[in-house]
Amino acid sequence: MSYGARGDWEKEMVDQHKLQSSRYELKHLIEESRARAIRSYVRMYLSPDHHMKPDQPHGYRVSSLYLDSSKFKLYQQTTAGMRNRFKLRIRFYDDNPESPAFLEIKRRQNTVILKQRAQVTREAVLRVLKGVAPDPDMLFDDRWDAKSLNALHNFCKLRDEIGAVGKTYVAYLREAYVNPESDHVRITFDRQLQGGVYEPETPLKLPPFLADAGSDLVILELKFTDRFPGWMAELVRTFNLQSISVPKYIDCVDALKELSFLTRDVYSRG
């Protein structure tokens, strides 16, 4: 379906660039022993985020449904190394139909990451995946929040521009550390990367079969806005960290492509 006519609520939209938060992300692949040492270092400056539980040493499950065009345009832009590109994903943290989900636009402009996020209902997710035009009633909490409305609007607009549909689930365990007083710095350790095939018109839920898409290495991400903290620079030097590209969506699609007998209809044109 097309994006549809604009509603009156769009008049309240704030300029897109003012609503996006910009940040930098440095990714590293490290062995488990080095991850433990880095965790001890990080805990001198940051605290576990509010999702972390004492009985989950490797953190909590993060799941996302990535959208792409029928010919995997967004996948191809990433593998071609385009400096300016975006991803469309729907993030969720459990299978509870009453829990919210999050429509996310993740843009890369050279080395800067720009993100927009809208918290929506699970019923709204199905409507978005069917190509329905955005509506304030899709939002989970405050339907008149300008920032969320803007993110919803832009997500659906980009969806329609490339004909994006649900394609690939990406899931992993995340151990995350933050500054409780500021969101300008965040460090995450991601493990057990897996990918799954999305079946059209089904509820947002990880499928029974997931393909392993990672390795025994840990994905370490250093995230910050504005200025690279001095202690984080010292962390990089102390542990001799080398920044590399670790595109989780690409790795999951590639892992599923190798299982062609299961996924040929979905990934044959990727």
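The rules behind the values
The numbers attached to residues start from 1 for each chain and follow its sequence in the written order. Note on the predicted model: pLDDT of at least 70 is required for a residue's local features to be given, and 80 or more for side-chain atom pairs to be given and counted; whole-chain, interface and lining totals, by contrast, use all residues. For the side-chain quantities, the full set of heavy atoms in the structure was used; hydrogens and water were omitted. Each reported salt bridge corresponds to a side-chain nitrogen of Lys or Arg within 4 Å of a carboxyl oxygen of Asp or Glu. A helix here means a DSSP run of H or I that spans at least four residues, while a strand means a run of E at least two residues long, and both kinds are numbered starting from the N terminus. We call a residue buried when its accessible area falls under 20% of the maximum for its residue type, exposed when it is over 50%, and partly exposed in between, using a 1.4 Å probe and counting protein chains only. Think of a patch as exposed residues, more than 30% relative accessible area, with no salt bridge, where like charges cluster within 9 Å and nonpolar side chains (Val, Leu, Ile, Met, Phe, Trp, Tyr) cluster within 5 Å. The accessible surface values rely on the Shrake-Rupley method and a 1.4 Å probe; as for residues, cover is taken only from the protein chains in view. For two strands to pair, DSSP has to find at least two bridges joining them. Stacked, tilted and edge-to-face are the three classes assigned to paired rings of Phe, Tyr and Trp, where Trp is represented by its six-membered ring and a pair needs centres within 6.5 Å; plane angles under 30 degrees give stacked, over 60 edge-to-face, the rest tilted. Think of it as a cone above the ring: NZ of Lys or CZ of Arg counts as a charge over the ring if it is within 6 Å of the ring centre and within 35 degrees of the ring normal. What pLDDT reports is the predictor's confidence in each residue, on a scale of 0 through 100. Every residue pair with non-hydrogen atoms within 4.5 Å of one another is taken to be in contact.

A. Representation of the pattern of salt bridges. Counting across every chain of the model gives 19 salt bridges. As a salt-bridge pair, Glu-104 and Arg-117 come within 2.5 Å of each other at their nearest N and O atoms. Of this pair, Glu-104 sits in strand 5 (residues 101–109) while Arg-117 sits in strand 6 (residues 112–120), and the two are 13 residues apart along the sequence. Judged by relative accessible area, Arg-117 falls into the partly exposed class, the value being 36%.

B. Here's a closer look at a nonpolar patch on the surface. A surface patch of nonpolar side chains, amounting to about 220 Å² of accessible area, comprises Leu-29, Leu-217 and Ile-244. With respect to the helices, strands and loops of the structure, Leu-29 is situated in strand 1 (residues 21–30).

C. Up close: helix 7 (residues 248–257). For helix 7, the buried fraction is high: 7 of the 10 residues fall into the buried class. For helix 7, every residue scored as buried is listed here: Lys-248, Tyr-249, Ile-250, Cys-252, Val-253, Ala-255 and Leu-256.

D. Summary view of the pairing of strand 7 (residues 165–179). Of all 15 residues making up strand 7, 13 are buried, and the element is well covered by its neighbours. Here 2 bridges tie strand 2 (residues 47–48) to strand 7, and the two strands are oriented antiparallel to one another. In the strand pairing of strand 7, Ser-47 is matched with Val-178. Relative to strand 7, strand 3 (residues 60–68) is paired through 9 bridges, and the arrangement is antiparallel. Residue pairing in the sheet places Val-62 in a bridge with Tyr-172 of strand 7. Across 11 bridges, the pairing between strand 7 and strand 8 (residues 182–197) is antiparallel. Following the sheet pairing, Val-170 is matched in strand 8 by Gly-195.

E. Local environment of the packing of aromatic side chains. Inspection of every chain in the model, using the stated rule, returns 13 aromatic pairs. Ring centres 6.1 Å apart and planes at 75° place the aromatic pair Phe-92 and Tyr-169 in the edge-to-face group. Of this pair, Phe-92 sits in strand 4 (residues 84–92) while Tyr-169 sits in strand 7; the two residues are 77 residues apart in sequence, bridging distant segments of the chain. Ring geometry for Tyr-169 versus Tyr-198: centroids 6.0 Å apart, planes at 70°, classification edge-to-face. Taken together, the residues span a long stretch of sequence, with Tyr-169 in strand 7 and Tyr-198 in the loop between strand 8 and strand 9 (211–212) at a distance of 29 residues. We note that Tyr-169, like Tyr-198, is buried. Cation over ring: Arg-117 sits above Phe-102, and NZ or CZ is 3.9 Å from the ring centre. Directly above the aromatic system of Tyr-172 lies the positively charged group of Lys-248, at a separation of 4.9 Å from the ring centroid.

F. The confidence of the model for the chain, seen in detail. Residues at a pLDDT of 70 or more form 87% of the chain, whose mean pLDDT is 88. In this model, residues 1–20 is a region of pLDDT below 50 whose contacts with residues beyond four sequence positions or in other chains number 39 contacts.

G. Quick peek at unusual backbone geometry. The backbone of Gln-192 shows a phi angle near 55°, a positive value even though the residue is not glycine. With respect to the helices and strands, the residue Gln-192 is situated in strand 8. According to the relative accessible area criterion, Gln-192 is partly exposed, its value standing at 44%. Its identity is not glycine, yet Asp-226 carries a phi of approximately 65°, on the positive side. Along the polypeptide, Asp-226 turns up in the loop between strand 10 (218–224) and helix 6 (230–238).

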